[in-house]
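# Residue-level structural notes
Next come the chains, spelled out residue by residue.
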Amino acid sequence: MTENLIIDMFVQVIVVIIKVSAPMLLVSLVVGLIISILQTITSIQEQTLTFVPKLLAILLTIIIAGNWILTTLRE
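Since the model is a prediction, treat every value here as computed from it, not as a measurement.

### Comments concerning the packing of helix α1 (residues 3-42) against helix α2 (residues 51-74)
Interhelical geometry of α1 versus α2 gives an angle of 160° and a closest axis separation of 10 Å. In terms of orientation, α1 lies roughly antiparallel with respect to α2. Both α1 and α2 take part in a crossing whose hand is right-handed. Judged by residue contacts, Val16, Lys19, Val20, Pro23, Met24, Val27, Ser28, Val31, Gly32 and Ile35 of α1 engage Pro53, Lys54, Ala57, Ile58, Thr61, Ile62, Trp68, Ile69, Thr72 and Leu73 from α2.

### Examining the side chain of Thr50
Note that Thr50 resides in the loop between α1 and α2. Judged by relative accessible area, Thr50 falls into the buried class, the value being 17%. Those residues in contact with Thr50, other than ones at most four positions away along the chain, are Ile35 and Gln39.

### Some words on a nonpolar patch on the surface
A contiguous nonpolar patch, built from Val30, Leu33, Ile34, Ile37, Leu38 and Ile41 and spanning about 580 Å² of accessible area, is present on the exposed surface. Residue position: Ile34 is located in helix α1.

### Looking at the environment of Leu49
Considering the arrangement of structural elements, one finds Leu49 in the loop between α1 and α2. The partly exposed category is assigned to Leu49, whose relative accessible area is 38%. Sequence separation between Leu49 and Asp8 is 41 residues; the distance between their C-alpha atoms is 42 Å. Once residues lying within four places of it in the same chain are set aside, the contact partners of Leu49 are Gln39 and Ile44.

Thresholds, definitions, all that
Counting from 1, residues in each chain are numbered in the order their sequence is written. Confidence filtering applies because this is a predicted model: local features only for residues at pLDDT of at least 70, side-chain atom pairs given and counted only at 80 or more, and all residues used for totals across whole chains, interfaces and linings. Water and hydrogen atoms play no part in the side-chain values, which are based on all heavy atoms of the structure. For helices, the axis comes from a line fit to the C-alpha atoms of the stretch in contact; other axes are also lines fit to C-alpha atoms, and the angle between any two N-to-C directions lies between 0 and 180 degrees. The way it works is that DSSP assigns letters per residue, a run of H or I at least four long becomes a helix, a run of E at least two long becomes a strand, and they are numbered from the N terminus. The labels follow the angle: roughly parallel below 35 degrees, roughly antiparallel above 145, roughly perpendicular from 65 to 115, and oblique for the rest. Rotating anticlockwise by less than a right angle from the far helix to the near helix defines a left-handed crossing, while the corresponding clockwise rotation defines a right-handed one. Note on contacts: a residue pair qualifies if any of its non-hydrogen atoms lie within 4.5 Å across the two residues. The rule is simple: take the accessible area with a 1.4 Å probe, protein chains only, and divide by the maximum for that residue type; under 20% is buried, over 50% is exposed, in between is partly exposed. Residues form patches when they are more than 30% accessible in relative terms and have no salt bridge. Like charges link within 9 Å. Nonpolar side chains (Val, Leu, Ile, Met, Phe, Trp, Tyr) link within 5 Å. Computed by Shrake-Rupley with a 1.4 Å probe, the accessible areas treat only the displayed protein chains as cover when residues are assessed. We count a salt bridge whenever a side-chain nitrogen from Lys or Arg sits within 4 Å of a carboxyl oxygen from Asp or Glu.

Geometric values such as these leave the question of function open.
Structure representation (structure tokens):
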């Protein structure tokens, strides 16, 4: 194996990791932002309040995008 081949493989691996993890990260970001806005409006400052909605949203995202994730990883 040459150095260029190894570097190309690592670049492809990083791109796949970013593609596969992006839906979960974006959903978590959006849900966290919405919960933070609601906490600010209602003055409820409970730190654990964001955990359950984020967890449920990420699980729902995995269920919806799971087939695409597996297909991407197989390729």
